[in-house]
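Architecture and fold: a report
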Amino acid sequence: MHWLKGFGMKSDETPNLILVNALYDGIDSRERGFQLGLLYISTYVEEKGFRTKILVGENVTKRIIWELERSQEKPLLGFYVSADNEHEVIRCATVVKSMHPDCPIIFGGPEARVKPEQILNNKVADYVCTGDGEDCVLDLMNVLFRNNGTLEKVPNLAYLNGDKLKFGHSPHSKANLDLDRLPIPKRESFDPRYMDPSMIATARGCVSKCTFCFEGTSVKLRRHSVARVIEEMKYLQNTFATKYFAFTDDTFTSDARKVYDLSAAIAENFHPHVDATWYCEAKVSDLCRDINMAKTMVGAGLVRAQVGSESGNQNILDLYRKEIETWQIVEATEMLYDSGIVSIFTNFIIGGVCETIKTFEESLELALSLMHAAPGVLECASTFLSPYSGTDIRLNPERYDVELVDDQFITGSSDSYIFARSKHLTSEQVLSMGKEFYSAHRNAMDEIYPSLSSDIIRRQLEMGLFGLTSNWHQYLVEDGILARWFDFRRRGYDKQISPEESKLSAIIPTRTMAMESSSQDKFIWLRRKRLLRFSALEKALIELASGKITLPEIVERTFTQFGNDYMSKHTFQTAIIDFYNRMADEFLICFRRFS
């Protein structure tokens, strides 16, 4: 497989740079395997004449050692370090250093950049990247392998000179702030088991300073041009047939001009909602400030937006420095829903700063009201507070009435367990709140589902054809009828047919309902709380839609008994098609085309 050889490398060549995302064998670790930042570095360094390889997964140490032992010149080994994989990275790097002490090692990523001195003093890593990695890694490799330059001039580099912490220069030049100078990250070099062909970063940095988020510790906001974003979308579509694009930056809506320009460019270069759908994060205050933004984005193919709620209590929102108000959360949700978006995701932090039973109830009340304001579209999740390194909550927990329970993230995956909590609550109370939030969310879905329009259900299901499976999508396919309907659509079945089609002889109506769920003249759909009554002809048509015979054959089998009330066999056939289409609108029929 091509990822085993490395991007741009022959099978007998060894890399000058090995980039590693060492996953720990825990919950959700697999889905965290794809790191776009590693691809940016790999592609950039390859362009400058070096050979690179990216290793991803659990237990990567043996693969690293194998690479080192076949290399005459030890490559630079770079580790991506997060709150979740830090322990695995240190374990892995320690083994490598013990066996190959001459192998240079550099750490980067959100956990490394905010505590370089602590990492370097552990004597496992030789260098730490404290910012953008492309020029840092390239210039360091020039120093190490080409004797070109000095460590003092390597941008975003931290290292020890003796026992003294030293830094390379900070890149403030206009050229270094221009993201378009970087080549498009070539996804072909990433392990396909972890590669996500939908993700695009349109910007770096963050204008917000949320006290719980490590992105708030990042540097100046920089953006790719609209032309570059379109170029990357076309690359992904041409290479991987991507139709659903996920814009990953946290600040997507902060620049209204960029939003309008990119939306117009997507509409000009693609067919929105046909070959281009997309996701972005949207700040509710941005949406409320510009009432046309939501409609414009949806018109250009936006199908899923993530909005940050975090709490239903205004004081807590202020402590998080969200710079939003609770009414904006509601108004932005309504704007997106009225614009026709398919999916809205929002999250609430449970048991966080100054949380009490009362503030939790306010959050739960807001969450449920949002679900009813955007039925079948909005889904709520809850996480626990994670005290990420460098955040103000981690540095000054006493300001927020927060107790740090496990600031090393030893006991679980970030956001999923109690690593920090309000001093007003016990860990058991916080866990109980999390369960209550989930149950209330699930009960709300049960309550909302029977009243959902067929259009909303259809759009949620069909987004799965683009690779977007929201919580609502997953909930809907728990219903056996909708699961079969979605499976048929995924296999290419039609959802409607026309009486004027020239190839009706190839159409095979296929029901999604189980016949044992019907009795005599009626069908009871328990989960949707629907009761459908059938005439004798309609009952026969449902029975014959077993997926075995074609539409003309069904007409022939029923015309003798039921055709007397129709002017001609053609009129009779048209009536049958009309009935099947109405049943298709109810998700009870799909149409297979025999070929």
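Our subject in this report is the structure included herewith.

Parameters at a glance
- Residues numbered from 1 in each chain as written.
- Predicted model: local features only at pLDDT ≥ 70, side-chain atom pairs only at ≥ 80, totals over all residues.
- Heavy atoms only, no water.
- Helix = DSSP H or I, 4+ residues; strand = E, 2+ residues; numbered from the N terminus.
- Buried < 20%, exposed > 50% of the residue type's maximum accessible area, 1.4 Å probe, protein only.
- Contact = heavy atoms within 4.5 Å.
- Areas by Shrake-Rupley, 256 points an atom, 1.4 Å probe, with all protein chains shown as cover.
- Lys, Arg positive; Asp, Glu negative; His and termini not counted.
- Charge placed at Lys NZ, Arg CZ, Asp CG, Glu CD.
- Pairing = 2+ DSSP bridges.
- Salt bridge = Lys/Arg side-chain N within 4 Å of Asp/Glu carboxyl O.
- Axes fitted to C-alpha atoms, helices over the stretch in contact; angles between N-to-C directions.
- Parallel < 35°, antiparallel > 145°, perpendicular 65-115°, else oblique.
- Left-handed = near helix turned anticlockwise from the far one by under 90°.
- Nonpolar A, V, L, I, M, F, W, Y, C, P; charged D, E, K, R; others polar.
- Core = buried A, V, L, I, M, F, W, Y, C linked by side-chain atoms within 4.5 Å.
- Disulfide = S-S within 2.5 Å.
- Arc of directions from axis to C-beta.

With that settled, consider the overall build of the protein. When helices and strands are counted, the protein shows 22 helices and 22 strands. Expressed along its principal axes, the backbone C-alpha trace of the protein runs to roughly 100 × 60 × 45 Å. Buried residues in the protein amount to 55% of all 595 residues. At a minimum sequence separation of 6, the contacts of the protein that also span at least 24 residues come to 72%. When the accessible surface of the protein is split by element, carbon and sulfur atoms take 50% of a total near 25900 Å². For the protein, the distance from the average position of its 70 positive side-chain charges to the average position of its 82 negative side-chain charges is 4 Å.

Here the focus is the pairing of strand E18 (residues 507–511). Side-chain positions along a regular strand alternate between the two faces of the sheet. Most of E18 sits inside the fold, with 5 of its 5 residues counted as buried. Alternating positions in E18 separate into two faces, Ile-507, Pro-509 and Arg-511 on one and Ile-508 and Thr-510 on the other, with burial throughout. Bridge count between E18 and strand E22 (residues 589–593): 5 bridges; the pairing is antiparallel. What sits directly across from Pro-509, in E22, is Phe-591.

Moving on, we come to the pattern of salt bridges. The tally for this structure, following the rule as stated, stands at 40 salt bridges. Between Glu-67 and Lys-53 there is a salt bridge, and its shortest N-O distance comes to 2.3 Å. Taken as a pair, Glu-67 in helix H3 (residues 61–69) and Lys-53 in strand E2 (residues 52–57) lie far apart in primary sequence, 14 residues in all. Across the pair, exposure class does not vary: Glu-67 and Lys-53 are buried alike. A cluster of three or more residues bridged by salt bridges with shared partners is formed by Asp-132, Glu-134, Arg-204 and Arg-222.

Turning to the sheet that holds strand E8 (residues 199–200), a few remarks are in order. Spatially, E8-E11-E12-E13-E14-E15 is the arrangement adopted by the 6 strands of the open sheet, whose pairing is parallel. The sheet is open, and its two borders are formed by E8 and strand E15 (378–384), each paired with just one other strand. Sheet topology places strand E11 (residues 244–247) next to strand E12 (residues 277–281); 3 bridges connect them, and they run parallel. Of the residues in E12, the one forming a bridge with Tyr-244 is Thr-277.

As a further point, take the packing of helix H20 (residues 536–544) against helix H22 (residues 569–585). Here H20 crosses H22 at 70 degrees, and the two axes come no closer than 11 Å. Put simply, H20 runs roughly perpendicular to H22. Two packed elements cross with a definite hand, and for H20 against H22 that hand is right-handed. On H22, the residues that touch Leu-537, Glu-538, Leu-541 and Ile-542 of H20 are Phe-572, Ile-576, Phe-579, Tyr-580, Arg-582 and Met-583. Its residues assigned to classes, the contact of H20 with H22 shows 8 nonpolar, no polar and 2 charged.

Turning to the nonpolar core, a few remarks are in order. Counting 106 residues, the largest nonpolar core has Met-233, Phe-247, Trp-278, Met-297 and Tyr-580 as its most contacted members. Every residue in contact with Trp-278, bar those within four places of it in the chain, is listed here: Tyr-244, Phe-245, Phe-247, Phe-252, Ser-263, Ile-266, Met-297, Ala-300, Gly-301, Leu-302, Val-303 and Arg-304. Ranked by size, the runner-up nonpolar core spans 35 residues in total, among them Leu-19, Leu-76, Val-143 and Leu-157.

Right, let's get into the sheet that holds strand E4 (residues 105–108). Spatial ordering of the open sheet is given by E2-E1-E3-E4-E5-E6-E7, a layout of 7 strands whose pairing is mixed. In the strand order of this sheet, the two ends are held by E2 and strand E7 (164–167), each with one partner. On average, each strand axis in the sheet is inclined to that of its neighbour by 25 degrees, with strand direction left out of account. Where strand E1 (residues 17–22) lies against E2, 6 bridges are found, and the strand directions are parallel. The partner of Ile-18 across the bridge, within E2, is Lys-53. On top of the sheet, H3 reaches E1, E2 and strand E3 (76–80); it is set at about 160 degrees to E2, its chief contact. Sheet strands touched by helix H7 (residues 134–146): E1, E3, E4, strand E5 (127–129) and strand E6 (157–161). Its angle to E3, the strand with the most contacts, is close to 155 degrees.

For the rest of this paragraph, the subject is the state of the cysteines. Throughout the structure, instances matching the rule amount to 0 disulfides. No disulfide involves Cys-280; its sulfur sits 14 Å from the nearest other cysteine sulfur, which is in Cys-206.

Within the fold, Lys-186 resides in the loop between E7 and E8. Lys-186 sits in the partly exposed class, given a relative accessible area of 27%. For the pair Lys-186 and Gly-299, spaced 113 residues apart in sequence, the C-alpha to C-alpha distance is 29 Å.

Where H3 is concerned, the buried positions are Ile-64, Ile-65, Glu-67 and Leu-68. Each buried residue of H3 lies within a common arc of 160 degrees when the element is viewed along its axis, so the set occupies one face. In H3, those exposed residues whose orientation departs by more than 90 degrees from the buried face are Lys-62, Trp-66 and Glu-69. Its buried side turned inward, H3 meets E1, E2, E3 and helix H4 (86–99).

Purely geometric stuff here, so don't read any function into it on its own.
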